[in-house]
Amino acid sequence: MVAIQKNIVSSYIIIACFLVFIDFFFPAAVFAYFIKYLTTLSLFMISLLHKKRFREQKLMFVAQFFVVIADYFFVLSRGFNAGQLTYFNKLIGTFCFFLAYIILIKAWGERRNNNIRFNMLEIFIGLAVLLVLWPTVKLLAPHLNLFVKLGALSFGVILCLLVWTGLCTRFRNYYGRTTSSLIGLASCLIFVSDLAVAHASLNPIYSGHFVSWLSALIWITYVPAWAIIVNVIINQNIYF
């Protein structure tokens, strides 16, 4: 178990770099969608094959399950449809990510005691997350219709809560120091990945065609983020 935990993140960073190579040298290649989905599916299988001792690990595993479903609609379906993404697949995939993030917020938001008051550091982190998100909101909002704008705003709120919760685990003394650091790092990587997804999907400059550097940014952050989460899921003790 310890050997797997030590190697899983480094191994999947190498895989993520390979995906970046594909994005630059074989842009929008159909076979790439199958490789990308197999990557996220393999991470899920690692979690599936290991015992999860704690309730929070089980919650994270459920969240990962919804992410694999989301990637079926966002990634694998493109492999079956010559790289095209239908509106239905986009809607279902987004909904599955929405559920996954809510579950992660629940798992990462635990505190050592029942005191739910926020300290000044947590408030500062929340404001910093909003500050990082704001340029993307300001840039994309004028180009969205009301329905898409409401959906993007709802997802943005959940994403900010996810990142804020992940970063604040370090100060809530529920998880161990190492686990808290891993969760905080994973949340930041997810944030960067989803901001890149937002621009790839909604920014009129990039949407409608494949942009190699944006896809590379998505996968170089997305895969390590979930490799880190899997590391936490299979950890024998997340409280020390």
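Residues numbered from 1 in each chain as written. Predicted model: local features only at pLDDT ≥ 70, side-chain atom pairs only at ≥ 80, totals over all residues. Heavy atoms only, no water.

What the protein chain contains, in helices and strands, is eight helices and zero strands. Along the protein chain, helices (α) and strands (β) appear in the sequence α-α-α-α-α-α-α-α when read from the amino end. Against the 2.2 N^0.38 benchmark of 18 Å for 240 residues, the protein chain shows a C-alpha radius of gyration of 18 Å, consistent with a compact globule. Taken along its principal axes, the extent of the C-alpha atoms in the protein chain is 50 × 40 × 25 Å. For the protein chain, buried positions account for 48% of its 240 residues. Taken as a whole, the protein chain presents about 12300 Å² of accessible surface, with 73% of it coming from carbon and sulfur. Of the charged side chains in the protein chain, 18 are positive and 6 negative, and the gap between their average positions amounts to 5 Å. (Helix = DSSP H or I, 4+ residues; strand = E, 2+ residues; numbered from the N terminus. Rg over C-alpha atoms; globule rule 2.2 N^0.38 Å. Buried < 20%, exposed > 50% of the residue type's maximum accessible area, 1.4 Å probe, protein only. Areas by Shrake-Rupley, 256 points an atom, 1.4 Å probe, with all protein chains shown as cover. Lys, Arg positive; Asp, Glu negative; His and termini not counted. Charge placed at Lys NZ, Arg CZ, Asp CG, Glu CD.)

Core analysis: the biggest nonpolar cluster contains 68 residues, and M60, Y101, L104, W108 and I229 have the highest contact counts within it. If you list the elements that add at least two residues to this core, you get α1 (2–25), α2 (30–48), α3 (55–80), α4 (87–108), α5 (120–140), α6 (146–172), α7 (177–202) and α8 (212–233). Here this core gets 13 residues from one element, more than from any other, and that element is α8. (Core = buried A, V, L, I, M, F, W, Y, C linked by side-chain atoms within 4.5 Å.)

Positioned with a positive phi, A82 is a non-glycine residue whose angle comes to about 55 degrees. A relative accessible area of 58% means that A82 is categorised as exposed. One non-glycine residue, N173, adopts positive backbone phi at about 60 degrees. By the element assignment, N173 lies in the loop between α6 and α7. Residue class for N173 comes out exposed when judged on its relative accessible area of 51%.

α7 packs onto α5 with a crossing angle of 5 degrees between their chain directions and a minimal axis gap of 11 Å. With respect to their mutual orientation, α5 and α7 come out roughly parallel. Between α5 and α7, the residues in contact are V129, V132, L133, T136, L139 and L140 and F191, L195, A198, H199 and L202, respectively. Per-class residue counts for the contact of α5 with α7 are nine nonpolar, two polar and no charged. (Axes fitted to C-alpha atoms, helices over the stretch in contact; angles between N-to-C directions. Parallel < 35°, antiparallel > 145°, perpendicular 65-115°, else oblique. Contact = heavy atoms within 4.5 Å. Nonpolar A, V, L, I, M, F, W, Y, C, P; charged D, E, K, R; others polar.)

A word on the environment of R55. Inspection of the secondary structure puts R55 in helix α3. Of the residues examined, R55 reaches a relative accessible area of 42% and is grouped as partly exposed. Along the primary structure R55 and A107 are separated by 52 residues, whereas in three dimensions their C-alpha atoms are 8.3 Å apart. When near neighbours in sequence (up to four residues on either side) are disregarded, R55 contacts K106 and E110.

Relative placement of two packed helices is described by the angle separating their axes and the distance separating the axes. It is the contact of α3 with α4, at a shortest axis distance of 8 Å, that shows an interaxial angle of 165 degrees. Our classification of the angle between α3 and α4 gives roughly antiparallel. Seen from above, α3 lies across α4 with left-handed handedness. Here the contact of α3 with α4 is built from residues that sort into 20 nonpolar, four polar and five charged. (Left-handed = near helix turned anticlockwise from the far one by under 90°.)

In this section: a nonpolar patch on the surface. Together, F18, F21, F24, F25, F26, F31 and W213 make up an exposed nonpolar region whose accessible area comes to about 750 Å². In terms of residue count, the dominant contributor to the nonpolar patch is α1 (four residues). Among the structural elements, F18 can be located in helix α1. On the basis of relative accessible area, F18 is assigned to the partly exposed category, the value being 41%. (Patch = residues over 30% accessible without salt bridge, like charges linked within 9 Å, V, L, I, M, F, W, Y side chains within 5 Å. Salt bridge = Lys/Arg side-chain N within 4 Å of Asp/Glu carboxyl O.)

Here the focus is the confidence of the model for the protein chain. Chain-level pLDDT for the protein chain is 93 on average; 95% of the residues reach the 70-or-more range. Confidence scores differ between elements of the protein chain, with α1 showing the lowest mean pLDDT of 89 and α8 the highest of 98. (pLDDT = per-residue confidence, 0-100.)

As a further point, take the packing of aromatic side chains. Following the criterion strictly, the structure yields 19 aromatic pairs and no others. Measuring from centroid to centroid gives 5.7 Å for F26 and F31, while their planes differ by 70 degrees, and the two rings are edge-to-face. Measuring from centroid to centroid gives 5.8 Å for F65 and F66, while their planes differ by 65 degrees, and the two rings are edge-to-face. Among the residues examined, F65 registers a relative accessible area of 39% and is labelled partly exposed. (Phe/Tyr/Trp six-rings, centres within 6.5 Å; stacked < 30°, edge-to-face > 60°.)

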